Amino acid sequence: MPEISTADFARLRDVRAGRPDLVRAALDARRTRSLLADDGKLFIVAADHPARGALAVRGDESAMADRYDLLERLVTALGRPGVDGVLGTPDVLEDLALLGALDDKVVVGSMNRGGLRGAAFEMDDRYTAYSAKAIADSRFDFAKLLVRIALEDAGTAPTLEATARAVSEAAALRLPIMLEPFMSSWRDGRVVNDLTADAVITSMAIAAGLGESSAYSWLKIPVVDDMERVMAATTLPTLLLGGDPSTRPLETYAKWADALALPGVRGLVVGRTLLYPPDGDVAAAVDVAAGLVHTRPTGSGFSTDAHEPTARPAQATTMDPSIPEGSNA
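Residues numbered from 1 in each chain as written. Predicted model: local features only at pLDDT ≥ 70, side-chain atom pairs only at ≥ 80, totals over all residues. Heavy atoms only, no water.

Concerning the nonpolar core
Move 1: The biggest cluster of nonpolar side chains holds 85 residues, and the ones touching the most others in it are Phe-43, Leu-74, Leu-96, Ile-221, Met-227, Val-230 and Leu-240.
Move 2: In terms of residue count, the dominant contributor to this core is helix H11 (residues 282-294) (8 residues).
Move 3: When sequence neighbours within four positions are dropped, the list of residues in contact with Leu-96 reads Leu-71, Leu-74, Val-75, Leu-78, Val-86, Ala-101 and Leu-102.
Move 4: Ile-44, Ala-46, Met-178 and Val-269 belong to the second largest nonpolar core, which has 11 residues in total. (Core = buried A, V, L, I, M, F, W, Y, C linked by side-chain atoms within 4.5 Å. Buried < 20%, exposed > 50% of the residue type's maximum accessible area, 1.4 Å probe, protein only. Helix = DSSP H or I, 4+ residues; strand = E, 2+ residues; numbered from the N terminus. Contact = heavy atoms within 4.5 Å.)

Structure representation (structure tokens):
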């Protein structure tokens, strides 16, 4: 896939201002593909964070603020072998469609972005982006929603009800829908997800029961300790979201590889940590993850190349609970 030029961005701005009808034309002209790759796996790059006001990556609070930079990183990632698709809100996906970056890719529409990061109403996570119908009308392949469950926060109840409706609508349209559940709580004025195995299992049980049919429901869950027990909790096809591999790369990649080999696991969804790697090499970061998804490693024989600094002492490699919604929602 060619790099984006300044002329490409100029045309994008001109279309946005003067020919918005071309957005629909670009969606209608997109070449589609089957949902799963030939090996039955999926590797999706996530970019729906900005719509929640979540622009930070590691210590940079505005890392994702530059839309042109984000689009360049996404186009680089989507051009790498083994990257099956992208997850985003309408603004991001329509930019990519106008840039011609969505051909032969799985496209996932993000639905509920109303629970803005840090807001008093964050747990009342309203459906402010795509509806299931809009995703189907755009000829996209998948819906995605976030369902955080805070037992002490009354905002959870309307979120659960709206999520059940979204699952029912997707099932009626025969549209696969990805549910990303967490057991969450308020700590020191912010929402924190419980990344213990027991909490993940509980969240999976709640999410799997939402809606009038589970026929098209998938789960998207964090990689945590005791993943064999976690995956024994569901028969639904499951995608993994990984933590940040920058601090303990070998341990993190090994944990991803082990989890990807479990029955029922169909692939990986990763966002900010691969789009904004510490060394700036998006292609190399994405290539490592794509290799884990589409080539089942034997033992520890996968390569992390330049992404492996001096080995750290072994520790449990669960996701950093300080990163809201894991690493990529």
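Comments concerning the packing of helix H3 (residues 67-78) against helix H4 (residues 90-98)
Move 1: Direction vectors running N to C along H3 and H4 enclose 60°, while the axes themselves pass 11 Å from each other. Once H3 is placed against H4, the crossing between them reads as right-handed. Note on element contacts: H4 touches H3 through Asp-91, Val-92, Asp-95 and Leu-96, opposite Arg-67, Leu-71, Leu-74, Val-75 and Leu-78.
Move 2: Residue composition of the contact of H3 with H4, grouped by class: 6 nonpolar, no polar and 3 charged. (Axes fitted to C-alpha atoms, helices over the stretch in contact; angles between N-to-C directions. Left-handed = near helix turned anticlockwise from the far one by under 90°. Nonpolar A, V, L, I, M, F, W, Y, C, P; charged D, E, K, R; others polar.)

Overview of the side chain of Ser-184
Move 1: Inspection of the secondary structure assignment puts Ser-184 in strand E5 (residues 177-187).
Move 2: Within the local environment of Ser-184, its side chain forms a polar contact with the side chain of Asn-193, the two groups lying 2.7 Å apart.
Move 3: Not counting chain neighbours up to four residues away, the residues in contact with Ser-184 comprise Met-123, Arg-148, Ile-149, Ala-150, Leu-151, Glu-152, Val-191, Val-192 and Asn-193. (Polar contact = N/O pair within 3.5 Å; in protein donor to acceptor, adjacent residues only side chain to side chain.)

Quick notes on the pairing of strand E3 (residues 106-110)
Move 1: With 5 of 5 residues buried, E3 lies mostly within the body of the structure.
Move 2: Burial along E3 is two-sided: Val-106, Val-108 and Ser-110 facing one way and Val-107 and Gly-109 facing the other are all buried.
Move 3: Bridging between strand E2 (residues 85-88) and E3 involves 4 bridges; their strand directions are parallel. Residue Leu-87 lies in a different strand from E3, and its bridge partner there is Val-108.
Move 4: With H4 bridging E2 and its parallel neighbour E3, the resulting β-α-β unit is right-handed. (Pairing = 2+ DSSP bridges. Right-handed = clockwise from strand over helix to strand, strands pointing away.)

Looking at the pattern of salt bridges
Move 1: Evaluation of the coordinates by the stated rule reveals 24 salt bridges.
Move 2: The salt bridge involving Arg-19 is made with Asp-21; its shortest N-O contact spans 2.8 Å.
Move 3: A residue is classified by how much of its surface remains accessible, and Arg-19, at 42% relative accessible area, is partly exposed.
Move 4: On the basis of relative accessible area, Asp-21 is assigned to the partly exposed category, the value being 43%.
Move 5: Sharing partners across several salt bridges, the network here consists of Asp-48, Arg-113, Lys-144, Glu-180 and Lys-220. (Salt bridge = Lys/Arg side-chain N within 4 Å of Asp/Glu carboxyl O.)

Describing the pairing of strand E9 (residues 265-270)
Move 1: Counting buried positions over the 6 residues of E9 gives 5, a clear majority of the element.
Move 2: With 4 bridges joining them, strand E1 (residues 42-46) and E9 adopt parallel strand pairing. Paired with Val-45 across the strands is Val-270, a residue of E9.
Move 3: Pairing analysis gives 4 bridges linking strand E8 (residues 238-241) to E9, with the strands arranged parallel. Counted as the bridge partner of Leu-241 is Val-269 from E9.
Move 4: Since E8 and E9 lie parallel, the crossover through helix H9 (residues 249-260) that links them has a hand, and here it is right-handed.

Focus: unusual backbone geometry
Move 1: Even without glycine at this site, Asp-104 takes up a positive phi of about 60°.
Move 2: Positionally, Asp-104 belongs in the loop between H4 and E3.
Move 3: Accessibility expressed as a relative area gives 35% for Asp-104, which makes it partly exposed.
Move 4: Positioned with a positive phi, Arg-139 is a non-glycine residue whose angle comes to about 65°.
Move 5: Tracing the backbone through its elements, the reader meets Arg-139 in the loop between helix H5 (132-137) and strand E4 (142-149).

Considering H9
Move 1: End to end, H9 covers 16 Å across 12 residues, agreeing with the expected 16 Å (1.5 Å per residue, within 8%).
Move 2: Counting buried residues in H9 gives 9 out of 12 residues, a clear majority hidden from the surface.
Move 3: All buried positions along H9 are accounted for by Pro-249, Glu-251, Thr-252, Tyr-253, Lys-255, Trp-256, Ala-257, Ala-259 and Leu-260.
Move 4: Tucked inside the fold, the buried residues of H9 contact helix H8 (227-231), E8, E9 and H11. (Expected span 1.5 Å × (residues − 1).)

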